[in-house]
Amino acid sequence: MEFSNYKAHELKDIIAKKEASVEEVTKAHLDKVENVDSKVDAFLYVAKEEALKDAKALDEKLSKGEELGILGGVPLGIKDNISVKNMQNTCASKILQGYISPYDATVSENVKSQGGVILGKLNMDEFAMGSSTENSAFKITRNPWDLDRVPGGSSGGSAAAVAAKEIPLALGTDTGGSVRQPASFCGIVGLKPTYGRVSRSGVVAYGSTLDQVGTLGRDVKDCALLTQAISGVDHRDFTTVDIEVPNYLDSLKEDIKGKKIAIPTEFFKDGLDENVKKAVYDALKVFEANGAQIKEVSLPLADYAISAYYLVACAEASSNLARFDGVRYGHRSANAEDATDLYYKSKNEGFGKEVKKRIMLGTYALSAGYYDAYYKKALKVRNLIKGEFDEIFKNFDAIISPTAPTLAYKIGEKTNNALEMYLGDIYTVPVNIAGIPAISLPCGIANGLPVGMQIMGNYFKEDTLFNLAYSYEKSTNWHEMHPNL
């Protein structure tokens with residue numbers, strides 16, 4: 001068996017039927033990483049010994065007739081800003097180089113308790129600040145569909161590893177589209193849950209009121225499986241909400257008759273690649289054929305989402321990253337003359353260009369005389385955007401748009417144009433601003449590259465998103481398209 005060709009839910013069934021051991025499946029994926037990752041550069045750390053040890057322990061449980069949990073022995077990778085005990089957690093930054101986490105994030109703990117085997121830590125834009133995974137301090141991850149192109153970001157390592165079949169599942173984080181946009185660029189499925197559905201405890205913060213751990217898989221069922229494993233209230237994270245988590249696998253039904261889908265006209269204006277637009281409009285015809293009702297709506301304040309997002313996110317980043325001071329942990333400059341010099345040089349040597357830029361922007365927005373004009377106004381706009389989504393969801397089950405305005409672009413193509421890079425998140429950022437859930441799934445191929453479609457839902461209605469996405473997936477075969485590495 002070529003285990004890397006199987007999806008996560010298929011591997012779970014193979015293991016449960018004892019057609020293969022967890023150790024065999026784990027070894028096969030470790031071999032795949034060894035053979036493929038030199039091309040893709042998705043992994044920052046491969047946990048070979050730890051993974052095989054965990055796999056053997058799960059096989060022992062199986063031999064005793066014990067259940068392995070929701071993930072059932074399936075291997076996966078974790079973005080390198082999510083803590084895993086005794087593994088590095090660098091956030092792809094020199095300032096945390098060499099840092100080994102002494103504890104598990106809640107989501108890592110959940111993955112382990114549900115029978116997941118963690119194969120290692122995945123590359124990302126430094127501190128999750130970026131849309132291309134070109135901002136990592138250690139390596140540039142490449143898109144498996146075209147190795148000269150970016151995989152998206154900041155969870156580019158997570159998306160590329162899944163698309164390259166190195167792993168069937170991955171965890172990423174999504175602050176403004178950092179799970180959905182790379183899922184779109186790499187032709188896989190990526191979910192950003194409702195803010196508060198999944199614990200952020202043990203996840204290094206970028207923008208605390210925007211960040212959410214997300215899931216990536218090769219199809220909707222895989223994504224639902226991993227989301228089920230990590231969702232729920234957590235006493236260590238007071239932003240999690242004590243709302244019952246439904247069985248997401250039960251929502252994987254083809255029937256969507258009567259579902260009402262809104263199409264925001266603002267998301268189909270100038271700046272949208274014609275290939276992307278056509279693919280999404282073709283997808284809407286599939287939803288109609290499957291029984292959904294589709295109607296255009298307006299989200300006028302969505303045009304202000306990018307501006308509000310970068311003010312809020314950067315302000316929160318300037319506060320969150322102040323802890324990396326060269327004193328308690330992380331990089332400490334060897335050339336400092338006094339305490340002030342230590343702070344300055346440690347941060348200057350440890351942080352990359354993009355991180356410095358966002359810290360400075362956030363500090364400026366929070367400074368005396370500018371707080372009301374920038375940060376406070378951004379919060380007001382955020383509340384208004386949330387209100388627009390609330391109004392739409394009074395009459396609709398979901399909103400559909402492109403995930404990204406373009407296909408995956410060439411490495412280096414946008415590094416000198418920050419505004420153009422930031423506008424790549426124009427369709428994903430409103431979701432984080434409002435705190436609603438959204439899923440990206442493949443809906444076409446153009447010029448040999450995947451096209452992603454985004455489905456947005458009401459608060460804690462991930463099951464509705466899975467239902468709609470699954471119905472579309474069963475009517476098409478885009479999720480079966482894979483890159484040839």
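Small disclaimer: the values here were computed from a predicted structure and weren't measured.

**Here's the deal with the overall build of the chain**
Counting its secondary structure elements, the chain contains 15 helices and eleven strands. Against the globule reference of 23 Å for 485 residues, the chain gives a C-alpha radius of gyration of 21 Å, in line with a compact fold. Overall, the C-alpha framework of the chain stretches about 65 × 55 × 45 Å when taken along its three principal axes. Each of the 485 residues in the chain was classed as buried or not, and the buried ones make up 61%. In the chain, 76% of the contacts between residues at least 6 apart in sequence involve partners at least 24 apart. Of the roughly 18600 Å² of accessible surface on the chain, a fraction of 49% belongs to carbon and sulfur atoms. Treating the 56 positive side-chain charges of the chain as one cloud and the 64 negative ones as another, the clouds have centres 2 Å apart.

**Considering the UniProt feature "domain: Amidase" (unreviewed entry) in the chain**
This chain's UniProt record puts "domain: Amidase" (unreviewed entry) on residues 24–465. Taken as a whole, residues 24–465 contains 37% helix and 14% strand, while its terminal C-alpha atoms sit 34 Å from one another.

**Some thoughts on the packing of aromatic side chains**
Following the criterion strictly, the structure yields 15 aromatic pairs and no others. Here the aromatic rings of F267 and Y427 are separated by 5.3 Å at their centres, their planes lie at 25°, and the arrangement is stacked. Of this pair, F267 sits in the loop between strand 7 (260–264) and helix 8 (274–289) while Y427 is found in the loop between helix 13 (418–422) and helix 14 (429–434), placing the two residues 160 residues apart along the sequence. Exposure remark for Y427: the relative accessible area of 5% places this residue in the buried category. Between Y371 and Y375, the aromatic rings sit 5.4 Å apart at their centres with planes inclined by 55°, giving tilted as the arrangement.

**Some points on the side chain of K192**
On the secondary structure map, K192 appears in strand 5 (residues 189–192). Buried within the structure, K192 lacks any salt-bridge partner; its nearest side chain of opposite charge belongs to D174, at an N-O separation of 6.5 Å. A distance of 2.7 Å separates the side chain of K192 from the backbone oxygen of I436, its partner in a polar contact.

**Thoughts on the pattern of salt bridges**
Scanning the model with the defined rule gives 22 salt bridges in all. Of the charged contacts, one joins K139 and D41 as a salt bridge, the two residues approaching to 3.6 Å between their closest N and O atoms. Highlighted residues: K139 in the loop between strand 3 (117–122) and helix 5 (156–163) and D41 in the loop between helix 2 (22–40) and strand 1 (43–46), separated in sequence by 98 residues.

**A short note on the pairing of strand 3**
Across the six residues of strand 3, six count as buried, placing the element largely inside the fold. By the bridge criterion, three bridges tie strand 1 to strand 3 in an arrangement that is antiparallel. Note on strand 3: the bridge partner recorded for F43 is L122. Two elements, strand 2 (residues 75–79) and strand 3, share four bridges in a ladder whose sense is parallel. Across the sheet, I78 pairs through a bridge with K121, a residue of strand 3.

What counts, and at which threshold
Residues numbered from 1 in each chain as written. Predicted model: local features only at pLDDT ≥ 70, side-chain atom pairs only at ≥ 80, totals over all residues. Heavy atoms only, no water. Helix = DSSP H or I, 4+ residues; strand = E, 2+ residues; numbered from the N terminus. Rg over C-alpha atoms; globule rule 2.2 N^0.38 Å. Buried < 20%, exposed > 50% of the residue type's maximum accessible area, 1.4 Å probe, protein only. Contact = heavy atoms within 4.5 Å. Areas by Shrake-Rupley, 256 points an atom, 1.4 Å probe, with all protein chains shown as cover. Lys, Arg positive; Asp, Glu negative; His and termini not counted. Charge placed at Lys NZ, Arg CZ, Asp CG, Glu CD. UniProt positions renumbered as here; feature names shortened; annotations may be inferred. Phe/Tyr/Trp six-rings, centres within 6.5 Å; stacked < 30°, edge-to-face > 60°. Salt bridge = Lys/Arg side-chain N within 4 Å of Asp/Glu carboxyl O. Polar contact = N/O pair within 3.5 Å; in protein donor to acceptor, adjacent residues only side chain to side chain. Pairing = 2+ DSSP bridges.

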